[in-house]
Amino acid sequence: MAWLVMFFVVPMVQLFLVSLQSDYPGFPGYYYQDVNVANYARALTDFAPHFGRSMLFAGLATFFAFVLGYPLAYAMAFKAGRWRGVMMICVIAPFFTSFILRTIAWRQILSDEGWIASTLNAINLLPGGRITETWVAVVAGLTYNFLPFMVLPIYSSLERANPTVIEAGGDLYANGFTTFRTVTLPMSLPGVLAGTLLTFIPAAGDYVNAELLGSDVSTKMVGNVIESQFFRVLGGFPDAAALSFTLMALILALVFAYTRKFGTEELL
Amino acid sequence: MQHREPPTDPFVRQLVSMMNSGHSRRSALKLGGAAALAAALSACAPPAPPLATGSAAAPAPVLPVDVSATEKTVNFANWTAYLDYDEDTKKYPTLEAFMKKTGIKVAYTEDVDDNDTYFNKIAPQLRAKQDIKRDIFTFTDWMANRVIREQLAQPLEIFDMPNVASNLLPSLRQVSFDPGRKYSVPWQGGFAGIGYHKKKVGRELKTMDDLWADDLKGKITVLSEFRDTAGLLMQAKGIDLAGNWGKADLETAFAEVSKRIADGNIRRVKGNAYLEDLKSGNATAGVVWSGDLFVLRAETGDDDWEFVIPESGGTIWNDNMLVPITSTHRKNAMQVMDYYYDPAVAAQVAAWVNYVCPVKGAQEELAKTDEELAASPFIFPTDAYLTEKKIQGFRALSAEEEAEYGALWAKVIGN
């Protein structure tokens, strides 16, 4: 309890108080405690496109991570056999290097003179002639960085599933797809739910991918604005805090609605 | 400086602003409730506003006790690629020599990537007088101005630094933000101009408009410091940067940057990180800092990297070493500063960083080893050169202007 108060409640209250501060007139960079709700109004009106992009990019990344991650988790749980350990290591291994370094590495791989962009350019498949500094790169970066968070929960729920139940589906004359749809998939839903949440929440608040792989105006997310209000704009502290709180509220609301709709007993 | 006293009670203040903005009474009541709650939570009235420094009322800052004599260390925070570095030994030769000579251990870190980000990171701590564990930090003129104005730097004794006292170039002795150099000692200076790869671009770039050519679309990077990027654009419009231009002039330049980003000419707006884009081929030209291109040449072994001052003129800036208000090693820090004003040492640094050297006599020292480099106008510009190339400093901004323009610029680059 004391731990929770110290590491969760205290910083939150502090951040909330900062989000209501005002500037001293004539002294940019100095603040006093106030109840300046205009900070929140500004956060919503000035940076609405950034909120939209955060939600959109995080949603897309979650979708792609699911599309890529589910077959991977399925293969690991049921088809891998003795390769399971190796596959597991491959999924987890990226965690051993820094998140930022890996994203910078992608910047190199996707750069104009890298083999991917130059190959695509050579066969005229790359409108605009580049990959970095586009929203595609940002979504791809988010998908890549949060993929393990999708794979691992799904894998663990599939792995726990009783294989005899799945066999029973076959015994009852269901074909492979029907068995999957009516037996395997529902059994893995808690994992899917956890995976989508674990991907969406950090992706919505992420700024590293948009900073390193995105361009300057059209792909900036809320995280970028918060960073720049904190560190670049003189007098931006309250705005940054208000943005953080708004983002948190938005994510909480979405997550709440989502778990209400799709939530299963095990998770709640 | 004149300023209005903010209303003392946050609750009253909120109600006043609400009445002005015409909210409904119901929401006023609701917010009033929230206000009362928050006020009760914080339970503190706004503190007195910070004193305008420089006014008679400002008290002299209390300096921490100097322990230089017992703790022989200095923590030096500087920018990237700003000190001679030996790739083989992974050490800084001039610093090594200093440590050997004086027995003072210098921890050198490349902490500063951008004036704003570094300052905003440390400023809250410095204002609260919490030690940031740095004894020297390096800021560009305009930011040094802010640091001194806010009394976040310690006064130095220039007469304890004989090399600085005798070798600091006369042109740098009197600066508006620090008359008599009581707080700051110049480190290096430089120009902002156009950098490009001759072969990849396939022609010479001479003016700012050359950057917006169709075949360079999406291959241009510009600096995230608006004094440089917007400054060069203002010069292209014939505005005297050091003169008394107004907000409209700057806004015109900002609008041009916005347009170039929207049209896809400008690919990225970055701080020192633009060097990576030049190396990887994502960008082939852009607005850059002079010395970086020479370091890039040396690093990549590619002499096609070219730096030019646009025909309409370039900007000049200077970086300054300061001692943070919390440092307890001021005397050691002053020894480091003094050491870098030894002409022989300064020549060694200049030969590596290729930035404008503030030390008298360094040119003669450098000529002994490398005559061609000693003649470089990018390290030792003559007055005639500065006039001919129309090189200007960006005029000093007031605190309000700084905040206002900074916020506008953030919008331009998407933040």
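What counts, and where the lines are drawn
Residues numbered from 1 in each chain as written. Chains lettered and ligands numbered in written order. Predicted model: local features only at pLDDT ≥ 70, side-chain atom pairs only at ≥ 80, totals over all residues. Heavy atoms only, no water. Helix = DSSP H or I, 4+ residues; strand = E, 2+ residues; numbered from the N terminus. Buried < 20%, exposed > 50% of the residue type's maximum accessible area, 1.4 Å probe, protein only. Contact = heavy atoms within 4.5 Å. Areas by Shrake-Rupley, 256 points an atom, 1.4 Å probe, with all protein chains shown as cover. Lys, Arg positive; Asp, Glu negative; His and termini not counted. Charge placed at Lys NZ, Arg CZ, Asp CG, Glu CD. Domains from an automatic or database assignment. Buried area = accessible area lost by both parts, 1.4 Å probe. Salt bridge = Lys/Arg side-chain N within 4 Å of Asp/Glu carboxyl O. Polar contact = N/O pair within 3.5 Å; in protein donor to acceptor, adjacent residues only side chain to side chain. Nonpolar A, V, L, I, M, F, W, Y, C, P; charged D, E, K, R; others polar. pLDDT = per-residue confidence, 0-100. Expected span 1.5 Å × (residues − 1). Core = buried A, V, L, I, M, F, W, Y, C linked by side-chain atoms within 4.5 Å. Phe/Tyr/Trp six-rings, centres within 6.5 Å; stacked < 30°, edge-to-face > 60°. Lys NZ or Arg CZ within 6 Å of the ring centre and 35° of its normal.

1. What about the overall build of chain B?
Each helix and strand in chain B was counted, giving 17 helices and ten strands. Expressed as a percentage of the 415 residues in chain B, the buried residues total 53%. Across chain B, the fraction of contacts at a sequence separation of at least 24, relative to all contacts at a separation of at least 6, is 75%. For chain B, the accessible surface area stands at approximately 18,200 Å², while carbon and sulfur atoms represent 55% of it.

2. With respect to the overall build of chain A
When helices and strands are tallied, chain A shows twelve helices and two strands. Scanning chain A from its N terminus toward the C terminus, one meets helices and strands in the order α-β-β-α-α-α-α-α-α-α-α-α-α-α. Considering only C-alpha atoms, chain A reaches an extent of 80 × 55 × 30 Å along its principal axes. The proportion of buried residues among the 268 residues of chain A is 46%. Pairs at least 24 residues apart make up 70% of the contacts formed inside chain A by residues separated by at least 6 positions. As displayed, chain A has an accessible area near 13,300 Å², and 73% of this comes from carbon and sulfur atoms. Computed over 14 positive and 16 negative side-chain charges, the separation of the two mean positions in chain A equals 7 Å.

3. With respect to the domain arrangement of chain B
Residue and element names in this part refer to chain B. Domains assigned within chain B are domain 1 (73-183 + 323-341) and domain 2 (190-316 + 396-412). Using C-alpha coordinates to define each centre, domain 1 is positioned 27 Å away from domain 2. Counting each side, the surface lost to burial between domain 1 and domain 2 is near 880 Å², with a carbon and sulfur contribution of 36%. Looking at the side of domain 1 facing domain 2, the largest losses of area belong to Asp113, Trp142 and Arg149, adding up to 44% of the total buried there. Put simply, Glu402 and Arg146 hold a salt bridge, and the shortest N to O gap is 2.8 Å. Where domain 1 touches domain 2, the interface holds two residue pairs in polar contact (both at pLDDT 80 or more).

4. Things to note about the side chain of Ser68 of chain B
Residue and element names in this part refer to chain B. Its place among the elements puts Ser68 in the loop between α2 (25-42) and β1 (73-79). In this structure the side chain of Ser68 is engaged in a polar contact, spanning 3.3 Å, whose partner is the backbone nitrogen of Lys331. Separated by 3.2 Å, the side chain of Ser68 and the backbone nitrogen of Asn332 make a polar contact. Excluding anything up to four places from it in sequence, Ser68 contacts Thr328, His329, Arg330, Lys331 and Asn332.

5. Observations concerning the interface of chain A and chain B
Accessible area lost upon the coming together of the parts serves often as the stated size of an interface. Between chain A and chain B, the residue contacts involve 44 residues of the former and 53 residues of the latter. Surface buried jointly by chain A and chain B totals about 4,100 Å² across both partners, of which 55% is contributed by carbon and sulfur atoms. In this structure, the connection of chain A to chain B is made through nine salt bridges. Residue Glu133 of chain A is joined to Arg267 of chain B by a salt bridge in which the shortest nitrogen-to-oxygen separation is 2.4 Å. The interface formed by chain A and chain B includes 15 residue pairs in polar contact (both at pLDDT 80 or more). Mapped onto the side of chain A that touches chain B, the elements with two or more residues apiece are β1 (22-24), β2 (27-32), α5 (99-109), α10 (208-213) and α11 (222-231) of chain A. Of all the elements, α11 of chain A adds the most residues to the side of chain A that touches chain B, at six residues. The residue makeup of the side of chain A that touches chain B, split by class, is 19 nonpolar, 14 polar and eleven charged.

6. Considering the environment of Phe76 of chain B
All names here are of chain B. For Phe76, the location among the structural elements is in strand β1. In this structure, the C-alpha to C-alpha distance between Phe76 and Met234, residues 158 residues apart in sequence, is 35 Å. Beyond its immediate chain neighbours, meaning those up to four positions away, Phe76 contacts Val106, Ala107, Tyr108, Thr109, Ile136, Thr138, Trp187, Met321 and Val336.

7. Let's talk about the confidence of the model for chain B
Interpretation of this model should avoid reading the predicted coordinates in detail wherever pLDDT is low. Residue and element names in this part refer to chain B. Chain-level pLDDT for chain B is 86 on average; 86% of the residues reach the 70-or-more range. For chain B, per-element mean pLDDT is lowest for α2, which scores 46, and highest for helix α12 (residues 330-339), which scores 96. Per-residue pLDDT stays below 50 along residues 1-12; that stretch engages in 21 contacts with residues further than four places along the chain or on separate chains. Note on residues 21-45: pLDDT is under 50 here. Beyond four places in sequence and across chains, it has 16 contacts.

8. Focus on the pattern of salt bridges
Tallying each qualifying case throughout the model produces 35 salt bridges over all chains. A salt bridge links Lys411 of chain B to Asp46 of chain A, with the nearest nitrogen and oxygen atoms 3.4 Å apart. Here the residue Lys411 of chain B occupies a position in helix α17 (residues 399-412), and Asp46 of chain A occupies one in helix α2 (residues 38-46), the pair thus bridging two chains. Take Lys411 of chain B: its relative accessible area is 47%, and that puts it in the partly exposed class. Note on Asp46 of chain A: relative accessible area 31%, which makes it partly exposed. The salt bridge involving Arg268 of chain B is made with Glu133 of chain A; its shortest N-O contact spans 3.0 Å. Note that Arg268 of chain B is positioned in strand β6 (residues 266-270) and Glu133 of chain A in the loop between α6 (115-122) and α7 (135-160), a pairing that runs across two chains. Taken individually, Arg268 of chain B and Glu133 of chain A each receive the classification buried, so the pair is uniform in this respect. If you follow the salt bridges from partner to partner, you end up with Arg107, Asp112 and Glu133 of chain A together with Lys219, Arg267, Arg268 and Asp277 of chain B in one network.

9. Remarks on α17 of chain B
Over its 14 residues, α17 of chain B runs 20 Å from end to end, which matches the ideal 20 Å to within 8%, given 1.5 Å per residue. Of the residues making up α17 of chain B, those classed as buried are Ala399, Glu401, Glu402, Ala403, Tyr405, Gly406, Trp409, Ala410 and Val412 of chain B. Those residues of α17 of chain B hidden inside the fold are in contact with β2 of chain A together with α5 (141-149), β5 (220-223), α8 (226-236), α9 (247-262) and β6 of chain B. With its phi angle positive at about 90°, Gly414 of chain B sits one or two positions after the end of α17 of chain B.

10. Here we look at the nonpolar core
By size, the foremost hydrophobic cluster in this structure holds 119 residues, and its most contacted members are Phe137, Phe139, Leu211, Trp245, Leu250 and Tyr340 of chain B. Split by domain, this core shows at least three residues from each of two domains, domain 1 (73-183 + 323-341) and domain 2 (190-316 + 396-412) of chain B. The next biggest cluster of nonpolar side chains, apart from the first, holds 31 residues, and it includes Phe47, Met221, Val225 and Leu243 of chain A.

11. Concerning the packing of aromatic side chains
Residues and elements named next belong to chain B. Taken as a whole and assessed by the stated rule, the structure comprises 40 aromatic pairs over all chains. Here Trp245 and Tyr405 contribute two aromatic rings whose centre-to-centre distance is 6.4 Å and whose plane-to-plane angle is 35°, an arrangement assigned as tilted. With Trp245 in the loop between α8 and α9 and Tyr405 in helix α17, this residue pair connects regions lying 160 residues apart in the sequence. A single burial state applies to Trp245 and to Tyr405, both of which are buried. The ring of Trp142 is capped by Arg227, whose NZ or CZ atom sits 3.8 Å from the centre of that ring. Above the plane of the ring of Trp245 lies Arg395, whose end atom (NZ or CZ) is 4.2 Å from the centre.

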